[in-house]
Amino acid sequence: MAHMTIIALGINHKTASVELREKVAFSPEQISEALQQLSGHADFNEAVIVSTCNRTEVYCSLAQQNSQTLLSWLASFHGLDELELIKNIYCYENNEAIKHLMRVACGLDSLVLGEPQILGQIKQAYNSAKTHDAVGVTFDRLFQKTFSVAKEVRTETNIGASAVSVAFAAVNLAKHIYGKLDKTNVLLIGAGETIELVAKHLYQNEPQNITVANRTIERARSLADEVSADVIALAQLPERLYKADIVISSTASTLPIIGKGVVEQALKQRRHKPMLFIDIAVPRDIESQVGELDAAYLYSVDDLQTIVSENMAAREQAAEQAQIIITERTKEFAMWMRSLDSVDLIRHYRNDVQTIKSELVERAVSQLSSGKDAEKVILELANKLTNRLMHAPTRAIQDAAKKGEVAQLNQLKKMLGIDQE
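Residues numbered from 1 in each chain as written. Predicted model: local features only at pLDDT ≥ 70, side-chain atom pairs only at ≥ 80, totals over all residues. Heavy atoms only, no water.

A separate point is the sheet that holds strand β8 (residues 246-249). A sheet is described by the order of its strands in space; here six strands give the open sequence β7-β6-β5-β8-β9-β10, paired in parallel fashion. Edge positions in the sheet fall to β7 (230-233) and β10 (296-300), since each has one partner strand and no second. Averaged over all neighbouring strand pairs, the angle between strand axes comes to 20 degrees, with direction disregarded. Across four bridges, strand β6 (residues 209-214) lies against β7 in parallel orientation. Following the sheet pairing, Ala-213 is matched in β7 by Ile-232. Sheet contacts for helix α9 (residues 193-204): β5 (185-189), β6 and β8; angle to β5, the most-contacted strand, approximately 165 degrees. (Pairing = 2+ DSSP bridges. Helix = DSSP H or I, 4+ residues; strand = E, 2+ residues; numbered from the N terminus. Axes fitted to C-alpha atoms, helices over the stretch in contact; angles between N-to-C directions. Contact = heavy atoms within 4.5 Å.)

What follows deals with the confidence of the model for the protein chain. Of the residues in the protein chain, 97% reach a pLDDT of 70 or more, and the chain-wide mean stands at 89. Summarising per-element confidence for the protein chain, the mean pLDDT is lowest in helix α8 (residues 166-178) (85) and highest in helix α5 (residues 94-105) (96). (pLDDT = per-residue confidence, 0-100.)

Let's shift gears to the UniProt feature "binding site: substrate" (unreviewed entry) in the protein chain. Here the UniProt-annotated "binding site: substrate" (unreviewed entry) positions come out as Thr-52, Cys-53, Asn-54, Arg-55, Ser-110, Glu-115, Pro-116, Gln-117 and Gln-121. Mapped onto the elements of the fold, Asn-54 is located in the loop between β2 (44-51) and β3 (55-62). By relative accessible area, which is 23% here, Asn-54 ends up partly exposed. Once you skip the residues sitting within four places of it in the chain, Asn-54 turns out to touch Ile-11, Asn-12, His-13, Arg-21 and Leu-111. Here Glu-115 shows up in the loop between α5 and α6 (117-131). Exposure remark for Glu-115: the relative accessible area of 16% places this residue in the buried category. Not counting chain neighbours up to four residues away, the residues in contact with Glu-115 comprise Gly-107, Ser-110, Arg-154 and Arg-315. (UniProt positions renumbered as here; feature names shortened; annotations may be inferred. Buried < 20%, exposed > 50% of the residue type's maximum accessible area, 1.4 Å probe, protein only.)

For the rest of this paragraph, the subject is the sheet that holds strand β1 (residues 5-12). Across the sheet, four strands lie side by side as β2-β3-β1-β4; this open sheet has antiparallel pairing. Of all strands in the sheet, those with a lone pairing partner are β2 and β4 (90-93), marking the two edges. Taking the axes of each pair of neighbouring strands and ignoring which way they run, one obtains an average angle of 15 degrees across the sheet. Inspection of the sheet shows β1 paired to β4 by four bridges, in the antiparallel sense. Looking at β4, one finds that Gly-10 is bridged to Tyr-90. The strands that α6 touches are β2 and β3; relative to β2, the one it contacts most, it runs at about 145 degrees.

Looking now at the UniProt feature "binding site: NADP(+)" (unreviewed entry) in the protein chain. According to UniProt, the "binding site: NADP(+)" (unreviewed entry) feature falls on Gly-190, Ala-191, Gly-192, Glu-193, Thr-194 and Ile-195. In this fold, Glu-193 is placed in helix α9. Structurally, the position occupied by Thr-194 is in helix α9. In contact with Thr-194, other than residues within four places in its own chain, are Ala-167, Ser-250 and Ile-280.

So this is what it looks like as structure tokens:
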């Protein structure tokens, strides 16, 4: 049995353009077809396909050390030129492949360092491969090990503790000030990508109410539906502002949307119950003078940016700790893989014994044909065979006894089937 090779072949946001990533991506139907192809292919033992908007990776175990087979298969599956693919692809083997998978699962290879979504995507990829019988003993163990490493890294390091997107930082800031958000009313102004992210993070914190204000009601409505929010037009802001405890704004407007006067009015109606304003727009949506009001707390995109870059530094540090854990766990898995080579061990042992047998039988046959006494020949054959076969175990026993290694002696007894009372 040849040694099994584990290969990770892929492209991601660092190595390839969006156009190429789109061409190499697998839709759910394609994943199904691809796994069937790989399972039926003589060269591949096991396979898992991870395909997200930022990366496509194929993890394979092969009987032969031949990553070219996998590259050719990937190119032909998507009808792509192999040469174009080679320029933008990375390929890792064995320990490097294992380490890469663990890095990806821990979010160390993501666009946003330490993001947790990728782990769920890898779990999904693994389950899908299991459903298609593309996973065997090795990958079962490898992916379970990877999931436990990701959990360990989350627990042991601060990789996911700090916000590293402005949207996440905005929601974290609100939580920091209000504690739980379940009794707060939140007003989101705008309906672009950033506000959409803010809305999703907020929704997980279950505020009492979310309202989306936007110039075009339809655009606001599609976002509002996702997070069970109310919708108002921008023109309604002055009379609705007083209801909000938290206001987060991110529009493309060139002029401020909320001025000091409107906020003063809202605070009066609230009997000066404090309001938190987070302005993520560039240029600003909220006049800086709002921050001068007693019960209004205003944070700009720069304040959040500072939080984000401090947090990025903290995550970089956590990533280094994570790397140490991953290196250790990769070694453990490699040791387990080596222990699977028992099949090889048996083959080698059998070959050695066969060689000794053939050599001694050949000698005995030639002695018999030259007329030597048959009884003596048989006795010599038996003695020599016994001595040769006993040589290695005897040495091992003497060695263990000399060093006082009781556990090893017991192990040898077990192996040799010696039953000592």
